[in-house]
Amino acid sequence: MLEISVGENDTIILTGRFDAAEAEKARQIFLNLTEGKVVDFARLDYISSAGLGVLLAAQKKLSERGKALRLINVNGHIRDVFHFSGFDQIFEIT
Amino acid sequence: MEVTEQSERRTARALYALLELAKALSSEVDLDSLLKVIEEKASSVVEAERTNVFVLDSARGLPIGVAGDVARTRTLVNIIDEGGSLLAVPIISSGGELLGVLQSMNKTTAERFDSSDESLMLAVASHVAVAIERARFTALSIENERLAAGLKLASEIQMRMLPSATVALSEDAPFEMHAYIRPAKMVGGDLYDFAMKGNRLYFCIGDVSGKGIGSALVMALTKTLFRANAAYYADAAKLMEAVNVRLYEETGPTMFVTAFCGFLDFNDGILRFSNAGHDRPFLLRDTGAVDLLESKPGLALGVMPKFQYPLQYTTLARGDALFLYTDGVTEATNASEELFTLGRLRQTLERCAGESAVRVLEEAIDAVDGFVQHAPQADDIAMMCIRYLGVRRLAAAFDRSIDALPEVMRLVDTFFVKTAANPNVRFPVELAVEEVFTNIVKHNSGGEGEIKIELRIRDQDLIITVTDFDAPRFDPTADAPEVDINQPLASRTEGGLGIHLVKKMMDRIEYSHGNRTGTITLRKRMN
């Protein structure tokens, strides 16, 4: 399961698993974003290419408006996934 | 003078006949042919009409008439009655045993047998005694040889009755085991048995009271009863009871068998067992601890027809091993009459932490042999070691739909819970399984049937196999688009990312296709 909630300072908080079973639901939310956001990965356990795909689509759409997603608390295996996919080059990760 | 000449001629003829008899006796070994020769030659020695040899036979008892009297009194009889003359002497062995009676009738050259006939007859009787003894001994040694050959065959049959020491196990089998047996004589009364029963291993070890052929026969019966009943009973206590009832019926209360039997469940490591008066097995914990398995010893098998055996259970953790043995191990005796003892066995097993079942048995055998040295083996020895390795393979088939993904992930979850798979590789394994599965769902949505996913451990590798039984050839390792991870954001697409990550995170990826079946095999090293 993936839970998407909004925390302090409008931060998007991802909790659980961002996989193919959850990607479509998340896509609706991420593609409706019009402002740049901080996405907190602290409580995210897992992400697959389906999750990356949603983030990529959102990042592309936002970049047309000169906006971007910024990722925080990206750790462990998830950081590897961003590295192996080169997503660490298209997302600001702090 | 004439009398002397006649008597000398007679003596010469008699000696010649005696010599012939001796020659015949030394060449003939079959008792019946021997008796014919004796009867013929003895007649010419004492010039009798006919001679009979009565060989004493414990089954038939003493002969009747004069021969019977001779046998009873062990003294010579030389008489004339209305039937004619008769000379009878006892045949006595060098050890003083009465072997029979030699009896000649009707002296052909005189009215009755004289004193020189008596001497000659006694001489013949002593030759006959040697010949009978030799014939009997020869028959015995031939019988012994036959018996030895029979025993060798029995020994071979007995060993063949036992399953071979090690089961041929697949590399991802949930257990490993080894068994060893060494009878003290050609045939023995120790036994073991084991067989796979679906998700469980059935096994038993036993020791028949006494030694020798009787025990060996009961051993064969017991092993057969265990194997046959194990097909019907999944409960160790019920199995014990079934074997006990039949053993009691077949052997009566004089023979008994101590035994330990159990079923090891591969899925959870639960060992359900029952003990019929057998030595308690050792538990070799993966941690290195060695403990006797707490078990209530029921009555030995074959003693009481209706005995309720206790069913007990314990749980083996991954790597734990059960060591079973018969008392021939703990009671193995050296030249100073010292026993090997349970204590020495425990010490030996404590040195075996982390060893394979084969090595554990080798160590135990070496320890016993090293202790006993050249003292003769007094009792049969049997040992068995079963190590639970835990589940090492899980597989399931899934609907060709993204909706099945949570179920797929549950399989992976179960695998990591139940097996010794290194949790550090869980993330890449989950990712690889998801990517390969969703890839098939997306690119071969028209395929028929379910998609099979199998996870297994082989040595230090975790192996994932995903099979699509209705697929055109599509090799994701070669046919999927290459992903340039350095592209600017604008030219990036989502395609190919999944397989790209799988290649990055797995150590090996292979694809095969044939008969409309596509298989992707992934390997991840766990160390």
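Residues numbered from 1 in each chain as written. Chains lettered and ligands numbered in written order. Predicted model: local features only at pLDDT ≥ 70, side-chain atom pairs only at ≥ 80, totals over all residues.

A. Up close: the nonpolar core. Residues and elements named next belong to chain B. Ranked by size, the top nonpolar core spans 129 residues in total, and within it Cys261, Phe323, Met383, Cys385, Ile386, Ala432 and Phe437 carry the most contacts. The residues touching Met383, leaving out its near neighbours within four places in the chain, are Tyr180, Leu324, Tyr325, Val329, Leu361 and Ala364. Ranked by size, the runner-up nonpolar core spans 34 residues in total, among them Leu21, Leu34, Val46 and Ala131. (Core = buried A, V, L, I, M, F, W, Y, C linked by C-beta atoms within 7 Å. Buried ≥ 20, exposed ≤ 12 C-beta atoms within 10 Å, placed from the backbone. Contact = placed C-beta atoms within 7 Å.)

B. Highlighting the confidence of the model for chain B. For chain B, the average pLDDT comes to 89, and 97% of its residues sit at 70 or higher. The ipTM value of the predicted complex is 0.96, and its pTM value is 0.66. (pLDDT = per-residue confidence, 0-100.)

C. How the structure looks around the interface of chain A and chain B. With 20 residues of chain A at the contact, the number on the chain B side is 21 residues. When residues of the side of chain A that touches chain B are traced back to their parent elements, those giving at least two are helix H1 (20–31), helix H2 (49–63) and helix H3 (76–84) of chain A. Tallying contributions element by element places H2(A) first for the side of chain A that touches chain B, with eight residues. When its residues are assigned to classes, the side of chain A that touches chain B shows nine nonpolar, nine polar and two charged. (Helix = DSSP H or I, 4+ residues; strand = E, 2+ residues; numbered from the N terminus. Nonpolar A, V, L, I, M, F, W, Y, C, P; charged D, E, K, R; others polar.)

D. Focus on the sheet that holds strand E14 (residues 381–388) of chain B. All names here are of chain B. Strand order in the open sheet formed by five strands is E5-E14-E13-E10-E11, and the pairing between neighbours is antiparallel. Either end of the sheet is taken by a strand with one partner, and the two such strands are strand E5 (175–182) and strand E11 (290–292). Across the sheet, the mean angle from the axis of one strand to that of its neighbour is 15 degrees, orientation sign disregarded. Of the pairings in the sheet, the one linking strand E10 (residues 282–284) to strand E13 (residues 321–325) comprises three bridges and is antiparallel in character. Residue Leu283 lies in a different strand from E13, and its bridge partner there is Leu322. (Pairing = 2+ DSSP bridges. Axes fitted to C-alpha atoms, helices over the stretch in contact; angles between N-to-C directions.)

E. View of the sheet that holds strand E1 (residues 48–55) of chain B. Residues and elements named next belong to chain B. Read across the sheet, four strands follow the order E1-E4-E3-E2 without closing on themselves; strand pairing throughout is antiparallel. Every other strand in the sheet has two partners, leaving E1 and strand E2 (77–81) as the edge strands with one partner each. With direction set aside, neighbouring strand axes in the sheet form an average angle of 15 degrees. Judged from the seven bridges that link them, strand E3 (residues 84–92) and strand E4 (residues 98–107) form a sheet pairing that is antiparallel. Counterpart to Leu87 in the pairing with E4 is Ser104.

F. Broad picture of the packing of helix H8 (residues 341–350) of chain B against helix H9 (residues 357–372) of chain B. Residue and element names in this part refer to chain B. At a closest axis distance of 9 Å, the pairing of H8 and H9 adopts a crossing angle of 135 degrees. When the interaxial angle is binned, H8 and H9 end up oblique. Handedness of the H8/H9 crossing: right-handed. Facing H8, whose interface residues are Arg344, Leu345 and Thr348, H9 presents Glu363, Ala364, Ala367 and Phe371. Taken together, the residues that form the contact of H8 with H9 break down as four nonpolar, one polar and two charged. (Parallel < 35°, antiparallel > 145°, perpendicular 65-115°, else oblique. Left-handed = near helix turned anticlockwise from the far one by under 90°.)

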